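Survey of secondary and tertiary structure
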Amino acid sequence: MMNIVECRDVKKIYRQGKVEVHALRGVNLSIQKGGFVALAGPSGSGKTTMLNIIGGLDYANSGSITLDGNVINEMSQSKLASLRLQNIGFVFQAYNLIPVLSALENVEFVMLLQGVPAAERRERATAILEDVGLKDACSRRPAELSGGQQQRVAVARAIVSNPLIVLADEPTANLDSKTGEGLMEMMREMNEKKNVTFIFSTHDQMVMDYARRLVHIRDGLVADDQNQE
Amino acid sequence: MYLQMGWRNIWRNPRRTIVIMTAVIIGVWAMIFLGALMRGISEQMVRNGITTLTGHIQVHHTGFRKDPVIENSIDKPEVVEAALSKILPQGARWTTRVRVDAIASNARHSGGITLVGIDPGREAGISFIGQAVTEGVYLKADDKYGIIVGKALADKFETKLGRKLVLMSQDTKGDIASRAFRITGIFRAEMETTEKQFVFVTIAAAQKMLKLGNEISEASILLTDYKGADRVADDLKRVLPSGSYDVETWRELLPLVTAVLKMYDWFIYLWFLVIFIAMGFGIVNTILMAVFERIREFGLFKALGMKPWWIVREVLTESFFLLILGMVAGNALGFLSIFALAGTGIDLSALSEGMEFAGMSRVIYPVIFIKDIVTANLVVLILGLVVSAYPAVKAARFTPVKAMAHT
């Protein structure tokens, strides 16, 4: 099976004044299409930085990152924005829904940016919200939804435009364990049903248990890489 | 959905939205209302000038305007009257006058005045004097000794209706001409200087006193629309014998008013700009605050693949809504204020002497000029969006990772 993500010797250094922080020290990582992969590690290990670089939100200082054959560390900001829009779905720890839009409108938003016609947007957004169990919450705004419901909307938003890959940064960190488990169940179902590749960062054991592949990152390097199937 | 988002975003912080809207409302109101007052002042200056014995067009003997002596009278008024009958459009009115500097005196006082000999019937339809007599009666065509004086002059000369007033001037032979008149009417005018300057007798009485025969000093014309003055004046110049007559419009007859009108145009636009500068700081500050409060959100937009230009458009949409709401309310308030004062005006009698010096009326009535309303709104909308571009571009330049890490 082809690799959707290829990282070769990826290094990232943050400069805080005169201090240099080596977030990634030469990561090599390949992820196959349809994977359900967890990047695990303690805080500060570099897993969020890794996700940001794979997602084109941040640039690596050196090394090569390829997403579906595109070398993204050589792309301009504008091209990266187009790549993210068409190919990548994001789920964030703090949900990051747009507060003035309803659940349905939040899910429609990415399709709006893609230029999908209004009727199709509405149809697809309604269907995906039904899939994530939020059919009755379509018209509610984020402030009227629980944390778990908000994160489900975020997942719906991430997958509604059929991206190649969904990047989820500690998606269960703000949820209680039961809600978090429900969310993981749902993401794995989406992975299996729609063959969408999921990469998520976590330090939650329950989330690690759901992953089919578990990559441990420690001090900016891949410390361990296990297949859990 | 962009419009929906913009609309909803401005109501995320209603207090802040109301504060900035209030600033826009006050700014637009000040532009429209004070602009209308300035236009009212200038319009009344023109009207006062035209009705105070100017009219829209005047015909004089060549040289009278430079040296208004009796020798420069029009010696063939029938030529002018024939030209007027031929050229003037439907609805236009005209009259002839004798106008000469003179000295008025009674037992107590004496002073310089302008003696105006009028055709009472024709004059009433042209200048202010027909409706200005507040005590006594207006002149009759065959009144040989009647004179109308201004209230201020009557007070200055400590005289009243029925008393005599002696006028003295130079006649066509170069001799002193004098005649006693009896005050039959006292008039009030917009400006006190008018009341002090002019006294009115019949044209026949003036001609007899000055031994003018049928000569006149000027013909004054009032058109139905002042905009046609230039065209009619050109026609008159063409018909009248060249070199003998000066034909001038009110713009040439009232150079000070014309200059003030031009100056007012600039004042109004300068006023708009000054108000906008004050308002513009408020707009930038508010939009900037709204942008910095939502750094994470703009980071999210970029993470989801929103292009920087779309973010600029989103912020400008919010600014557009704020400006439009403020403009609608500001216009409504401005028009209400204008209509509220349309009947009564603003009475500035207490300042009348100072205002008269500048040729203004005692009561100011606001006047709406559509071009001012359009300009005021365009200034607010276009410059408002221009200054909003700064926070909008700032929002578009956040990098997603830094913006989303912002707390």
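Just so you know, these numbers come straight off a predicted model, no measurement behind them. (Residues numbered from 1 in each chain as written. Chains lettered and ligands numbered in written order. Predicted model: local features only at pLDDT ≥ 70, side-chain atom pairs only at ≥ 80, totals over all residues. Heavy atoms only, no water.)

This part is about the overall build of chain B. A count of helical and extended segments in chain B gives 15 helices and 12 strands. Taken against the 2.2 N^0.38 rule, which gives 22 Å for 407 residues, the C-alpha radius of gyration of chain B at 31 Å runs more than 25% over that of a compact globule. In terms of principal-axis extent, the alpha carbons of chain B reach across some 100 × 50 × 30 Å. Taking all 407 residues of chain B together, 53% fall into the buried category. Summarising the internal contacts of chain B: among those between residues at least 6 apart in sequence, 79% fall at separations of at least 24. Considering chain B, the positive charge centre built from 45 side chains and the negative charge centre built from 37 side chains are found 9 Å apart. (Helix = DSSP H or I, 4+ residues; strand = E, 2+ residues; numbered from the N terminus. Rg over C-alpha atoms; globule rule 2.2 N^0.38 Å. Buried < 20%, exposed > 50% of the residue type's maximum accessible area, 1.4 Å probe, protein only. Contact = heavy atoms within 4.5 Å. Lys, Arg positive; Asp, Glu negative; His and termini not counted. Charge placed at Lys NZ, Arg CZ, Asp CG, Glu CD.)

Another point: the interface of chain A and chain B. Reports often express the size of an interface as the amount of accessible area lost when the parts come together. Contact with chain A, which involves 26 residues of that partner, is made by 21 residues of chain B. Around 2,200 Å² of area is buried between chain A and chain B when both sides are counted, 69% of it from carbon and sulfur atoms. By the criterion of area lost to chain B, the three top residues of chain A are Val100, Phe109 and Leu113 of chain A, representing 24% of everything that side buries. Viewed at the interface, chain B and chain A are joined by 1 salt bridge. Here chain A and chain B share 6 residue pairs in polar contact (both at pLDDT 80 or more) between them. Listing elements by their share of the side of chain A that touches chain B, those giving two or more residues are α2 (77–87) and α3 (103–114) of chain A. It is α3 of chain A that provides the largest number of residues to the side of chain A that touches chain B, a total of 6 residues. Taken together, the residues of the side of chain A that touches chain B break down into 15 nonpolar, 5 polar and 6 charged. (Buried area = accessible area lost by both parts, 1.4 Å probe. Salt bridge = Lys/Arg side-chain N within 4 Å of Asp/Glu carboxyl O. Polar contact = N/O pair within 3.5 Å; in protein donor to acceptor, adjacent residues only side chain to side chain. Nonpolar A, V, L, I, M, F, W, Y, C, P; charged D, E, K, R; others polar.)

Once that is clear, we can look at the packing of α3 of chain A against helix α5 (residues 147–159) of chain A. Residues and elements named next belong to chain A. At their nearest, the axes of α3 and α5 sit 8 Å apart, and the two run at 30° to each other. Overall, the two elements α3 and α5 adopt an arrangement that is roughly parallel. Of the two elements, α3 crosses α5, and the hand of that crossing is right-handed. Seen from α3, the contacting residues are Ala103, Asn106, Val107 and Val110; seen from α5, they are Val153, Ala156 and Arg157. Looking at the contact of α3 with α5, its residues break down into 5 nonpolar, 1 polar and 1 charged. (Axes fitted to C-alpha atoms, helices over the stretch in contact; angles between N-to-C directions. Parallel < 35°, antiparallel > 145°, perpendicular 65-115°, else oblique. Left-handed = near helix turned anticlockwise from the far one by under 90°.)

Residue and element names in this part refer to chain B. Summarising the element assignment, Asn72 is placed in the loop between β1 (57–61) and α3 (77–87). When its relative accessible area of 16% is taken as the criterion, Asn72 is described as buried. Within the structure, Asn72 has its side chain in polar contact with the backbone oxygen of Gly63 (distance 3.3 Å). When neighbours within four sequence positions are excluded, Asn72 is seen to be in contact with His61, Thr62, Gly63, Phe64 and Asp67.

In total, this model carries 4 cavities of 30 Å³ or more according to the counting rule given. Looking at the largest cavity, its volume works out to about 120 Å³. Lining the largest cavity are 14 residues; nearest its centre among them are Ile10, Arg16, Ala290, Glu318 and Leu322 of chain B. For the lining of the largest cavity, the elements supplying multiple residues, two or more each, are α1 (2–10), α2 (14–51), α10 (255–293) and α12 (308–342) of chain B. Counted by class, the lining of the largest cavity contains 7 nonpolar, 4 polar and 3 charged residues. When its volume is computed, the second largest cavity comes out at roughly 70 Å³. Lining of the second largest cavity is provided by Arg84, Leu85, Ile88, Gly89, Phe90, Val110, Arg157, Ala158 and Ser161 of chain A together with Ala303 and Leu304 of chain B. Counting only elements with at least two residues in the lining of the second largest cavity, the list comes to α2, β6 (88–91) and α5 of chain A. Broken down by element, the lining of the second largest cavity gets its largest block of residues, 3 residues, from β6 of chain A. Among the residues forming the lining of the second largest cavity, the class breakdown is 7 nonpolar, 2 polar and 2 charged. (1 Å grid on protein atoms, 1.4 Å probe; cavity = no way out; pocket = protein on both sides within 12 Å on 5 of 7 lines; lining within 4 Å. Points joined across faces, edges and corners; volume = space filled by probe spheres on them.)

Under the criterion given, the structure shown has 30 salt bridges over all chains. Residues Lys47 of chain A and Glu170 of chain A are paired through a salt bridge, measuring 3.7 Å at the closest nitrogen-oxygen approach. Here the residue Lys47 of chain A occupies a position in helix α1 (residues 47–54), and Glu170 of chain A occupies one in the loop between β7 (165–169) and α6 (177–194), the gap between them amounting to 123 residues. For the pair Lys47 of chain A and Glu170 of chain A, one class covers both residues: buried. As a salt-bridge pair, Arg8 of chain B and Glu105 of chain A come within 2.5 Å of each other at their nearest N and O atoms.

So, on to the domain arrangement of chain B. Segmenting chain B into domains produces domain 1 (2–49 + 257–405) and domain 2 (55–253). On a C-alpha basis, the centroid separation for the pair domain 1 of chain B and domain 2 of chain B is 49 Å. (Domains from an automatic or database assignment.)

With that settled, consider the packing of aromatic side chains. All names here are of chain B. Summed over all chains, the structure comprises 16 aromatic pairs over all chains. One aromatic cluster in this structure is built from Trp7, Trp11, Phe320 and Phe321. Looking at Arg122, its charged tip hangs above the ring of Trp94, at a distance of 3.9 Å from the centre. Here the guanidinium or amino end of Lys307 rests over the ring plane of Trp310, the centre of that ring lying 5.6 Å away. (Phe/Tyr/Trp six-rings, centres within 6.5 Å; stacked < 30°, edge-to-face > 60°. Lys NZ or Arg CZ within 6 Å of the ring centre and 35° of its normal.)

Below, the discussion takes up the pairing of β7 of chain A. All names here are of chain A. In terms of residue burial, β7 counts as a mostly covered element, since 5 of its 5 residues are buried. Both faces of β7 are covered, namely the face carrying Ile165, Leu167 and Asp169 and the face carrying Val166 and Ala168. Bridge count between β6 and β7: 4 bridges; the pairing is parallel. In the strand pairing of β7, Phe90 is matched with Leu167. Alignment of β7 against strand β8 (residues 197–202), held across 5 bridges, turns out to be parallel. From the neighbouring strand, Ala168 faces β8, where its bridge partner is Phe200. Following the backbone out of β7, through α6 and into the adjacent parallel β8, one traces a crossover that is right-handed. (Pairing = 2+ DSSP bridges. Right-handed = clockwise from strand over helix to strand, strands pointing away.)

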